[in-house]
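Fold and contact review
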Amino acid sequence: MRIHADDFGICEQQAKAILNLSSSRNGKGTLNSISIFANSPYFIDSCKLIQPFVQRNEIALSLHINLVEGSPCTDADTIPILVNKRGTFKNNFATLLLFSLSPYRKQLYRAIVKECTAQINRYLEVFPEQRAKLSLDTHQHVHAIPLVLDAILASVSACHANITRMRIPTEDLSVYRNASILSEVSWQNRLKIKVINFLCRKAPEKIPSSCSIPLFCGVGLSGKMYKINQLLIDELNHKATQAGKELELLFHPVSVPIHQCLDPHNKPFARACASVDRDKEAQKLLEIRIT
């Protein structure tokens, strides 16, 4: 089972606090997997922090491709469809989806390939061993959008990397019902699940057969994963075992002050990043039980 944290490496304080949720915390932390932002200003320093944990096999590492928040890794002037006048990403999941269905889809595809190639290459410069075993996911699950997934896979090929693991963020709402916490799943997250499930229906066919796709949980309680209960974990674990898959539970632990977020001017993302609910998720990672 992977107990996973997205959004690693926004700032030094956040990175250190997330690592303290691993087994290095006197064996009490359950976190064993993280995704790192290649476009964070703190990327190189956060890599130095995570490397000992990766070398000791305490934490599995993934690249968290980001097309919606902060600054790009490539020249902003060359990807105007992705950035605003400040040179930071201007889209969210919804606008990327709309662009992908518009007459601008070819321009969008080229821009995403360019930016993802830059992010993957920056990541591989620090972790060259990952070229043979690349693990990927995306900020806000934007690779659920078919065009974005196609562009990411093209970028992986352009970087001569071998993708061995990719999250497909589909979920079954019935598991929340069976665990008696369906009422905790907001209508917004129920809608997200339906949209993502629809968009991802052909995604497994595009991913190389040698690439592992875990059984995933993290959208239904997104932002409030501290409400997860042991019934849900046990049921998901059972389903994963039956399907011959690894289980991934996605958390977003540790809040970051708004002024230290990737883009303080991007209010929806900055508010989410600074939410105290992230600290509640961090505390949950010290309490949950892995069987």
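**Notes on the layout of surface pockets**
- By volume, the largest pocket is sized at about 1,100 Å³.
- Around the largest pocket sit 40 residues that line it, and Gln140, Asn189, Lys192, Ser222 and Ala272 are the ones nearest its centre.
- Secondary-structure elements contributing two or more residues to the lining of the largest pocket are strand 1 (2-8), helix 3 (93-100), helix 7 (187-199), helix 10 (267-274) and helix 11 (277-284).
- Looking at the lining of the largest pocket, the element that brings in the most residues is helix 7, giving six residues.
- A per-class count over the lining of the largest pocket returns 13 nonpolar, 17 polar and ten charged.
- When its volume is computed, the second largest pocket comes out at roughly 250 Å³.

**Examining helix 4 (residues 105-126)**
- Over its 22 residues, helix 4 extends 32 Å from the first C-alpha to the last, a length consistent with the 32 Å expected when each residue adds 1.5 Å.
- The set of residues buried in helix 4 consists of Leu108, Ala111, Ile112, Val113, Glu115, Cys116, Thr117, Gln119, Ile120, Tyr123 and Leu124.
- Tucked inside the fold, the buried residues of helix 4 contact strand 2 (33-36), helix 2 (43-55), strand 3 (60-65), helix 3, strand 4 (134-138) and helix 5 (146-158).

**Let's talk about unusual backbone geometry**
- Even without being a glycine, serine 180 presents a positive backbone phi close to 65°.
- In this fold, serine 180 is placed in the loop between helix 6 (174-178) and helix 7.
- The class for serine 180 is exposed, based on a relative accessible area of 63%.
- Positive phi is not limited to glycine here, since valine 254 has a value of about 80°.

**Brief notes about helix 9 (residues 230-243)**
- End to end, helix 9 covers 20 Å across 14 residues, agreeing with the expected 20 Å (1.5 Å per residue, within 8%).
- Among all positions of helix 9, only Leu232, Ile233, Glu235, Leu236, Asn237 and Ala240 are buried.
- Lining the buried residues of helix 9 we find helix 6, strand 6 (215-217) and strand 7 (247-251).
- Glycine 244, located one to two residues past helix 9, shows a positive phi value of around 70°.

**What about the pattern of salt bridges?**
- Counted by the stated rule, this structure contains 14 salt bridges.
- A salt bridge links aspartate 7 to arginine 278, with the shortest nitrogen-to-oxygen separation between them at 3.2 Å. Residue aspartate 7 is located in strand 1, and its partner arginine 278 is located in helix 11; the two are separated by 271 residues in the primary sequence.
- Note that aspartate 277 is salt-bridged to lysine 280, the shortest N-O span being 3.7 Å. Taken together, the residues span about one helical turn, with aspartate 277 and lysine 280 both in helix 11 at a distance of three residues.

**Digging into the nonpolar core**
- Core analysis: the biggest nonpolar cluster contains 92 residues, and Ile34, Ile50, Leu82, Met166, Tyr176, Leu232 and Leu249 have the highest contact counts within it.
- Considering each element in turn, this core owes the most residues, eight residues, to helix 4.
- The contact partners of leucine 232, leaving out residues within four places of it in the chain, are Val175, Tyr176, Ala179, Ile181, Cys217 and Leu221.

What counts as what
- Residues numbered from 1 in each chain as written.
- Predicted model: local features only at pLDDT ≥ 70, side-chain atom pairs only at ≥ 80, totals over all residues.
- Heavy atoms only, no water.
- 1 Å grid on protein atoms, 1.4 Å probe; cavity = no way out; pocket = protein on both sides within 12 Å on 5 of 7 lines; lining within 4 Å.
- Points joined across faces, edges and corners; volume = space filled by probe spheres on them.
- Helix = DSSP H or I, 4+ residues; strand = E, 2+ residues; numbered from the N terminus.
- Nonpolar A, V, L, I, M, F, W, Y, C, P; charged D, E, K, R; others polar.
- Expected span 1.5 Å × (residues − 1).
- Buried < 20%, exposed > 50% of the residue type's maximum accessible area, 1.4 Å probe, protein only.
- Contact = heavy atoms within 4.5 Å.
- Salt bridge = Lys/Arg side-chain N within 4 Å of Asp/Glu carboxyl O.
- Core = buried A, V, L, I, M, F, W, Y, C linked by side-chain atoms within 4.5 Å.

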